[in-house]
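# Structural description and commentary
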Amino acid sequence: MSEAIIAKKAEAVDEIVEKFNRAKSAVVIDYLGLNVEQATALRKELREAGVEMKVLKNTYLRRAADKAGYEGLDDTFAGPTAIAFSYEDVVAPARIMAKYAKDIDALEIKGGIIEGKVSDLATINELASLPSREGLLSMLLSVLQAPVRNVAYAVKAVADSKDEPAA
């Protein structure tokens, strides 16, 4: 092989290492069997959520994962492989991929990386079942409002009881 080809391959691996290092999460899927319409819809939804999906060679992915310090992914990078990198939202790729995996038998989640740790299918499905960031914030807000609301009801009840004439 010529040195130019080897250098080009090394550059491709370095780009993937950089993606692994920047990503908050990455989900690896087997996409074989998706038709064009399904793949387009999946890519569109991922793009809208700020997730980058790439179809990459398994050898590049293995080398990049080893170089980035992720061990135990060699079995994950086998067969037709696509990977979705999320640089902002940890949950987005897992949630979207899990939704499509339920609807489309051809799509299979293989594993991934969540906040720097290699994760299996069970962990990714667990992450996918979490509500979105907005949903979590609204839950937190309602939990924080409950004590204030209860105090307000108690104060109102005391005030109402003092306004009633004595019997």
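Okay, so let's go over this structure.

A few words on a nonpolar patch on the surface. Residues Leu137, Leu140 and Leu144 make up a contiguous nonpolar surface patch of roughly 280 Å² in combined accessible area. Tracing the sequence through the fold places Leu144 in helix 6 (residues 133-163).

It helps to recall that an α-helix has 3.6 residues per turn; residues three or four apart then point in one direction. The end-to-end C-alpha distance of helix 4 (residues 92-103) is 17 Å, a good match for the 16 Å that 12 residues give at a rise of 1.5 Å each. If you check which residues of helix 4 are buried, you get Ala92, Pro93, Ala94, Ile96, Met97, Ala98 and Tyr100. Elements that come into contact with the buried residues of helix 4 comprise strand 1 (25-30), helix 2 (36-48), strand 2 (51-55), strand 3 (82-86), strand 4 (108-114) and helix 5 (121-128).

What follows covers the side chain of Thr81. Structurally, the position occupied by Thr81 is in the loop between helix 3 (58-68) and strand 3. Owing to a relative accessible area of 3%, Thr81 belongs among the buried residues under this scheme. Separated by 2.9 Å, the side chain of Thr81 and the backbone oxygen of Gly79 make a polar contact. In this structure the side chain of Thr81 is engaged in a polar contact, spanning 2.9 Å, whose partner is the side chain of Lys110. Residue contacts for Thr81: discarding those within four places in its chain leaves Val28, Ile29, Tyr31, Val55, Leu56, Asn58, Leu61, Thr76 and Lys110.

This part takes up the pairing of strand 1. Counting buried positions along strand 1 gives six out of six residues, so the element sits mostly inside the fold. Of the two faces of strand 1, the one carrying Ser25, Val27 and Ile29 and the one carrying Ala26, Val28 and Asp30 are both buried. Inspection of the sheet shows strand 1 paired to strand 3 by five bridges, in the antiparallel sense. From the neighbouring strand, Ser25 faces strand 3, where its bridge partner is Ser86.

A few words now on the pairing of strand 4. Across the seven residues that make up strand 4, a large majority, six, are buried. Pairing of strand 1 with strand 4, which is carried by six bridges, proceeds in the antiparallel orientation. Looking across to strand 4, one finds that Val28 is bridged to Gly111. Pairing of strand 4 with strand 5 (residues 117-119), which is carried by three bridges, proceeds in the antiparallel orientation. Counterpart to Gly112 in the pairing with strand 5 is Ser119. With antiparallel pairing between neighbouring strands as the criterion, strand 4 and strand 5 make up a hairpin whose turn holds two residues, including Glu115 at a positive phi of roughly 45°.

Before going further, it helps to examine helix 2. Along its 13 residues, helix 2 runs 18 Å from first to last C-alpha, staying within 8% of the 18 Å computed at 1.5 Å per residue. Remark: Gly50 follows helix 2 within two positions and exhibits a positive phi of approximately 80°.

Turning to the side chain of Lys110, a few remarks are in order. Within the fold, Lys110 resides in strand 4. Although buried, Lys110 forms no salt bridge, and the nearest oppositely charged side chain, Asp30, lies 5.1 Å from it. A distance of 3.4 Å separates the side chain of Lys110 from the backbone oxygen of Pro80, its partner in a polar contact. Residues contacting Lys110, with those up to four places away along its chain left out, are Val28, Ile29, Asp30, Thr76, Ala78, Gly79, Pro80 and Thr81.

Moving on to the sheet that holds strand 1. Taking strand neighbours across the sheet as the criterion, the five strands line up as 2-3-1-4-5 in an open arrangement whose pairing is antiparallel. Each having just a single partner strand, strand 2 and strand 5 make up the two edges of the open sheet. Averaged over all pairs of adjacent strands, the angle between strand axes in this sheet comes to 20°, irrespective of strand direction. Bridge count for strand 2 against strand 3 is five bridges, and the pairing is antiparallel. If you follow Val51 over to strand 3, its bridge partner there is Ser86. Packing against the sheet, helix 4 makes contact with strand 1, strand 2, strand 3 and strand 4, and its axis sits at approximately 20° to strand 1. Along the sheet, helix 5 contacts strand 1, strand 4 and strand 5; its crossing angle with strand 4, the most-contacted strand, is approximately 80°.

Cut-offs and rules
Residues numbered from 1 in each chain as written. Predicted model: local features only at pLDDT ≥ 70, side-chain atom pairs only at ≥ 80, totals over all residues. Heavy atoms only, no water. Patch = residues over 30% accessible without salt bridge, like charges linked within 9 Å, V, L, I, M, F, W, Y side chains within 5 Å. Areas by Shrake-Rupley, 256 points an atom, 1.4 Å probe, with all protein chains shown as cover. Salt bridge = Lys/Arg side-chain N within 4 Å of Asp/Glu carboxyl O. Helix = DSSP H or I, 4+ residues; strand = E, 2+ residues; numbered from the N terminus. Expected span 1.5 Å × (residues − 1). Buried < 20%, exposed > 50% of the residue type's maximum accessible area, 1.4 Å probe, protein only. Contact = heavy atoms within 4.5 Å. Polar contact = N/O pair within 3.5 Å; in protein donor to acceptor, adjacent residues only side chain to side chain. Pairing = 2+ DSSP bridges. Lys, Arg positive; Asp, Glu negative; His and termini not counted. Axes fitted to C-alpha atoms, helices over the stretch in contact; angles between N-to-C directions.

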